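One-letter residues, chain by chain:
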Amino acid sequence: MSGPVQITYYTDPLCSWSWAFEPVYRRLRYEFGDRIRWRNRMGGMIPGWSNYSDPLNDVGGPSHMGPQWLEVSRTSGMPIDPYVWHDDPPGSSYPACVAVKAAELQGAELGDRYLRRAREAVMLQRRNIARRDVLLAIAEELAASTDPSVANGGFFDVVKFTGDLDGEAMEAFRQDVHEARYHGIGRFPTLVVTRAGQHGVVTVGYRPYELMREIIAHVAPDVVPERPAPLANEYTRYWRDSGGSMTEDEIQLACG
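About the thresholds
- Residues numbered from 1 in each chain as written.
- Predicted model: local features only at pLDDT ≥ 70, side-chain atom pairs only at ≥ 80, totals over all residues.
- Heavy atoms only, no water.
- Axes fitted to C-alpha atoms, helices over the stretch in contact; angles between N-to-C directions.
- Helix = DSSP H or I, 4+ residues; strand = E, 2+ residues; numbered from the N terminus.
- Parallel < 35°, antiparallel > 145°, perpendicular 65-115°, else oblique.
- Left-handed = near helix turned anticlockwise from the far one by under 90°.
- Contact = heavy atoms within 4.5 Å.
- Nonpolar A, V, L, I, M, F, W, Y, C, P; charged D, E, K, R; others polar.
- Phe/Tyr/Trp six-rings, centres within 6.5 Å; stacked < 30°, edge-to-face > 60°.
- Buried < 20%, exposed > 50% of the residue type's maximum accessible area, 1.4 Å probe, protein only.
- Lys NZ or Arg CZ within 6 Å of the ring centre and 35° of its normal.
- Arc of directions from axis to C-beta.
- Polar contact = N/O pair within 3.5 Å; in protein donor to acceptor, adjacent residues only side chain to side chain.

Asker: Is there a simple way to explain the packing of helix α6 (residues 108-123) against helix α7 (residues 132-145) in this structure?
Answerer: Packed helix pairs are specified by the crossing angle of their axes together with the interaxial distance, meaning the distance between the axes. Packing of α6 against α7 leaves a shortest axis separation of 10 Å and a crossing angle of 125 degrees. Our classification of the angle between α6 and α7 gives oblique. Judged by the sense of rotation from one axis to the other, the crossing of α6 with α7 is right-handed. Where α6 approaches α7, its residues Leu110, Arg113, Tyr114, Arg117, Ala118 and Ala121 are matched on the opposing element by Leu135, Ile138, Ala139, Glu141, Leu142 and Ser145. The class makeup of the residues in the contact of α6 with α7 is eight nonpolar, one polar and three charged.

Asker: Hey, could you run me through the packing of aromatic side chains in this one?
Answerer: Aromatic ring pairs are reported here in terms of the distance separating the ring centres and the angle at which the planes meet. A complete count under the given rule lists 14 aromatic pairs for this structure. Geometrically, the ring pair formed by Tyr25 and Trp38 is edge-to-face, given 4.8 Å between the ring centres and 90 degrees between the ring planes. One end of the pair, Tyr25, is in helix α2 (residues 22-32); the other, Trp38, is in strand β2 (residues 36-42), and 13 residues separate them in sequence. Its relative accessible area of 4% is what places Tyr25 among the buried residues. Within the aromatic cluster, the residues linked to one another by ring pairs are Tyr9, Trp17, Phe21, Tyr25, Trp38 and Tyr206. The lysine or arginine in question, Arg227, covers the ring of Tyr30, its NZ or CZ lying 5.1 Å from the ring centre.

Asker: Explain α2 here, please?
Answerer: Residue pairs three or four apart in sequence face the same way in an α-helix, which turns once every 3.6 residues. With eleven of eleven residues buried, α2 is to be regarded as a mostly interior element. For α2, every residue scored as buried is listed here: Glu22, Pro23, Val24, Tyr25, Arg26, Arg27, Leu28, Arg29, Tyr30, Glu31 and Phe32. Positioned one or two residues after α2, Gly33 has a phi angle of 55 degrees, which is positive.

Asker: Explanation requested: helix α8 (residues 158-165) in the structure shown.
Answerer: Along α8, the residues classified as buried are Val158, Phe161, Asp164 and Leu165. Viewed end-on, α8 has its buried residues packed into an arc of 125 degrees, placing them on one side of the element. Of the surrounding elements, those touching the buried residues of α8 are α5 (94-104), α6, α7 and α9 (168-182). The opening residue of α8, the one whose side-chain oxygen lies 3.0 Å from the backbone nitrogen of Val159, is Asp157.

If you want it as structure tokens, here you go:
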């Protein structure tokens with residue numbers, strides 16, 4: 001045995017396919033627990049619309065994103081409200097990426113919770129996560145849900161978060177973007193599944209749960225889940241006790 005599996009997850013809060021991947025991501029975390037170690041890396045998908053183009057998905061401006069999000073929802077089964085692109089379209093994904101890094105400076109678990117809430121804000125609630133006031137509001141909501149007595153929770157400090165937005169978090173985001181570009185990663189989600197002393201596997205784009213299990217088994221045949229496949233009540237309670245929320249579609253996708 002060579003230790004746990006390491007998965008580096010290159011993503012972006014505005015990436016709809018990363019939102020579609022949430023049921024897979026969460027189920028793997030639930031079942032494997034500490035046998036998989038996750039590292040989130042923010043990719044900076046949209047610097048600004050003047051220098052962004054995605055010919056593969058026929059996206060060249062904000063007006064193209066709504067239809068693309070509807071297609072992602074139809075294909076994946078995850079709920080998405082595309083009307084933010086009509087009501088208040090985000091001009092860049094960079095501010096949200098920096099905000100995730102600012103939350104992460106208080107711990108990987110809190111960073112992951114902030115990323116989830118940012119995804120929900122834009123994908124389900126039509127909130128423009130390129131706006132600073134929205135990012136600060138999400139931080140306040142996260143702080144209200146944290147409790148120092150909860151394992152892996154801890155208290156989320158909004159004052160520290162606000163200061164880090166204009167300081168250390170920006171440099172942390174630059175390092176993430178540099179790492180992604182160094183490895184030639186330009187599409188999200190991209191996952192690098194590795195184990196010490198062995199060759200890794202790279203997946204680009206949304207991948208279903210069954211394929212991710214095959215990849216983990218290929219990289220580390222002896223690493224098996226800590227928990228059995230989730231039952232709906234237990235699974236919902238697990239994520240809500242961890243300070244997270246669940247959509248009904250997500251529960252169905254994860255539990256069947």
